[in-house]
Amino acid sequence: MRIVIAKSYEDMSANAARMVAGQLYLKPNSVLGLATGSTPLNMYQELIKIHHEVSLDFSEVVTFNLDEYLGLKPEDENSYHFYMFQNFFKHINIQRNNIYIPNGLAQNIPAECQDYERKIQEQGGIDLQVLGIGVNGHIGFNEPDINFEAVTHKVKLDEETINVNARFFANIEEVPRYAISMGIKTIMNAKKILLLANGVSKAEALYRTIYKGITPETPASILQLHPDVTIIAEEGAAKLLRSATHDRTNLGFASE
Ligand code: GLP
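**Topic: the environment of Y178**
Residue position: Y178 is located in strand β8 (residues 178-181). Ignoring sequence-local partners within four residues, the contact set of Y178 consists of Y69, L70, K154, V155, K156 and L157.

Now the structure itself:
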């Protein structure tokens, strides 16, 4: 694991965008795994800026999103379809048929999940997977006590996740209780992983992810077993890491 501590949210985002851009310069037809939530918003803005300023090309890029709520229409402002088009896809030159997001309205959810997994394989697997982290240590919507062997599947959201995500909805009743999410195995199959963490609310989860045992209670802790993980943590999220020491990690600073 390579751990970079960024001095601000903007610094975290700029570093993350540079890493994604670097991936695309090296392999213009990269398959990217993408995340939603408030954390990667500024990274998407930075990538849009790089696209406009130095013509970062997305024409051959293929994307797979981590997850989608069940039951929300793509045009629903709280769907991850809406989020991705609004915050990223409509601003870059990605081809519509290279964008994959789980269909939360599918009639047959198990078939949709299998199909999603098959499409990832058909595209040659994910080259770089971007992740946020939940306050409970979830990645995608893989909630605590997840089966580490799971691939894309239907998940029931944790009470804590419902409470945290309620801030985006009119009221907590409107938060969907279920979602489709890539599984831990899907995520672990990515060639490279970039995990972003912002804010003190993530400090405990990030600490457990890196320094505690690998346990389904902290789904992100499985990343300790991945050969190519970069974590970029804003200072608040990294506050419990500074005093910790561990010989498997490499604490660096994004810009000093
Ligand atoms: C959400 C998403 C995750 C995201 C996480 C953190 O529920 N399913 O993919 O990483 O929770 O969200 P945020 O970045 O808003 O803190």
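Read on for the rest.
**Focus: the environment of S13**
Position of S13 relative to the elements: it lies in helix α1 (residues 9-26). Residue class for S13 comes out buried when judged on its relative accessible area of 0%. Sequence separation of S13 and N93 is 80 residues, and the distance between their C-alpha atoms is 21 Å.

**Observations regarding the sheet that holds strand β7 (residues 153-156)**
Spatial strand order, β4-β8-β7: three strands in an open sheet with antiparallel pairing. Either end of the sheet is taken by a strand with one partner, and the two such strands are β4 (67-69) and β7. Adjacent strand axes in the sheet meet at a mean angle of 30° when their direction is disregarded. In the sheet, β4 pairs with β8 via three bridges, with the strands oriented antiparallel.

**Details of the packing of aromatic side chains**
The description of two aromatic rings rests on the distance between their centres and on the angle between their planes. Under the definition given, this model contains 12 aromatic pairs. Seen from their ring centres, Y80 and F141 are 6.1 Å apart, and the 15° between their planes marks the pair as stacked. Of this pair, Y80 sits in helix α3 (residues 80-87) while F141 sits in the loop between β6 (128-131) and β7, placing them 61 residues apart in sequence. Joined through ring pairs, the aromatic side chains of Y44, F58, Y83, F85, F88 and F89 make up one cluster. Its end group placed over the ring of Y178, K154 keeps NZ or CZ at 4.6 Å from the ring centre.

**A few points about the site of the ligand**
Around the ligand, 13 residues are found, and the nearest of them are S38, T39, D67, N165 and K202. Taking T39, its side chain carries an N or O atom lying 2.5 Å from an oxygen atom of the ligand. D67 is positioned such that a nitrogen or oxygen atom in its side chain is 2.9 Å from a nitrogen atom of the ligand. In the complex, the protein chains occlude 95% of the 390 Å² of accessible area that the ligand would expose alone.

About the criteria used
Residues numbered from 1 in each chain as written. Predicted model: local features only at pLDDT ≥ 70, side-chain atom pairs only at ≥ 80, totals over all residues. Heavy atoms only, no water. Helix = DSSP H or I, 4+ residues; strand = E, 2+ residues; numbered from the N terminus. Contact = heavy atoms within 4.5 Å. Buried < 20%, exposed > 50% of the residue type's maximum accessible area, 1.4 Å probe, protein only. Pairing = 2+ DSSP bridges. Axes fitted to C-alpha atoms, helices over the stretch in contact; angles between N-to-C directions. Phe/Tyr/Trp six-rings, centres within 6.5 Å; stacked < 30°, edge-to-face > 60°. Lys NZ or Arg CZ within 6 Å of the ring centre and 35° of its normal. Near = heavy atom within 4 Å. Polar contact = N/O pair within 3.5 Å; in protein donor to acceptor, adjacent residues only side chain to side chain. Areas by Shrake-Rupley, 256 points an atom, 1.4 Å probe, with all protein chains shown as cover.

Take it as geometry only, folks, not as evidence of what the structure does.
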